[in-house]
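What follows is each chain in one-letter form.
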Amino acid sequence: MRTLLLDNSYFPVQIVSWQKAILLLFTGRAEVVDEYEEHHIQTVSSSYPRPKILRLFSRHQTSRSVKFSRQNVFLRDNYTCQYCFKPFPHQQLTFDHVIPQSKGGPTSWQNIVTCCQRCNNKKGNKLLSEMGIKLQKIPSEPDWHPTMCLKLKNDDPKEWFDWLRLKKKEESLCA
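Not measured: the values here are computed from a predicted model. (Residues numbered from 1 in each chain as written. Predicted model: local features only at pLDDT ≥ 70, side-chain atom pairs only at ≥ 80, totals over all residues. Heavy atoms only, no water.)

**Describing the overall build of the chain**
Here is step 1: Tallying secondary structure elements over the chain gives five helices and six strands in all.
Here is step 2: Listed N to C, the secondary structure of the chain is β-β-α-β-β-α-β-β-α-α-α in terms of helices and strands.
Here is step 3: By the burial criterion, 42% of the 175 residues in the chain qualify as buried.
Here is step 4: For the chain, the proportion of contacts with a sequence separation of at least 24, taken over those separated by at least 6, is 58%.
Here is step 5: Accessible surface, the chain as shown: approximately 10,200 Å² in total, 50% of it carbon and sulfur. (Helix = DSSP H or I, 4+ residues; strand = E, 2+ residues; numbered from the N terminus. Buried < 20%, exposed > 50% of the residue type's maximum accessible area, 1.4 Å probe, protein only. Contact = heavy atoms within 4.5 Å. Areas by Shrake-Rupley, 256 points an atom, 1.4 Å probe, with all protein chains shown as cover.)

Structure (structure tokens):
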């Protein structure tokens, strides 16, 4: 059981263990927004529902840079191949160096794009100019968003997806 943690303005900032959630609650640093009805924490003399969503009383400082990862590249590119512009499930995607590593291209936000396996095999280690193709948009580091740092799972409560304005399906989640 995990708990979604919101800052004092109800902005999603972190997912914590239920133990950390209880600590924040009992030390007066947070309040319960929603709880798991079917799961309780039993003490010798009391029973408490496990918090599903907590709101911090203070502003939570988060890093506003997005971690470079395969999943975050897919999110930035909306799970769409940047060469054929078709959407794919994440299992059928790879990422590609726009300027191939063999030609000095770095592994960075500015040089990596989401790519389907077919297009990746076709491009190989060629430059875009050699292929006669252009990207629709120049790759860059994305703006920070909770979906870029909160690692959601399909069995997480549907209320979390409401807070993040996501549809509960595997393709739209961080793995």
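**Thoughts on the confidence of the model for the chain**
Here is step 1: Across the chain, the average pLDDT comes to 84, with 85% of residues at or above 70.
Here is step 2: When pLDDT is averaged over each helix and strand of the chain, the minimum, 75, is found for helix α5 (residues 158-164) and the maximum, 96, for strand β6 (residues 112-116). (pLDDT = per-residue confidence, 0-100.)

**Thoughts on the pattern of salt bridges**
Here is step 1: In this structure the tally under the stated criterion is six salt bridges.
Here is step 2: With a shortest N-O distance of 2.9 Å, aspartate 77 and arginine 76 are connected by a salt bridge.
Here is step 3: The salt bridge partner of lysine 103 is glutamate 130, with a shortest N-O separation of 3.2 Å. In this pair, lysine 103 is assigned in the loop between β5 (93-97) and β6 and glutamate 130 in helix α4 (residues 128-131), connecting sequence segments 27 residues apart.
Here is step 4: By sharing partners, the salt bridges in this structure join Asp34, Lys52 and Glu159 into a single network. (Salt bridge = Lys/Arg side-chain N within 4 Å of Asp/Glu carboxyl O.)

**A word on the pairing of strand β3 (residues 30-42)**
Here is step 1: As judged from the eight bridges shared by β3 and strand β4 (residues 47-56), these two strands associate in the antiparallel manner. When the sheet's bridge partners are listed, isoleucine 41 is paired in β4 with tyrosine 48.
Here is step 2: The hairpin turn running from β3 into β4, its antiparallel successor, is four residues long. (Pairing = 2+ DSSP bridges.)

**So, the environment of aspartate 34**
Here is step 1: One can find aspartate 34 in strand β3.
Here is step 2: Along the sequence, aspartate 34 and isoleucine 53 sit 19 residues apart, while their C-alpha atoms lie 5.0 Å from each other.
Here is step 3: Other than its neighbours up to four places away in sequence, aspartate 34 contacts Pro51, Lys52, Ile53 and Glu159.

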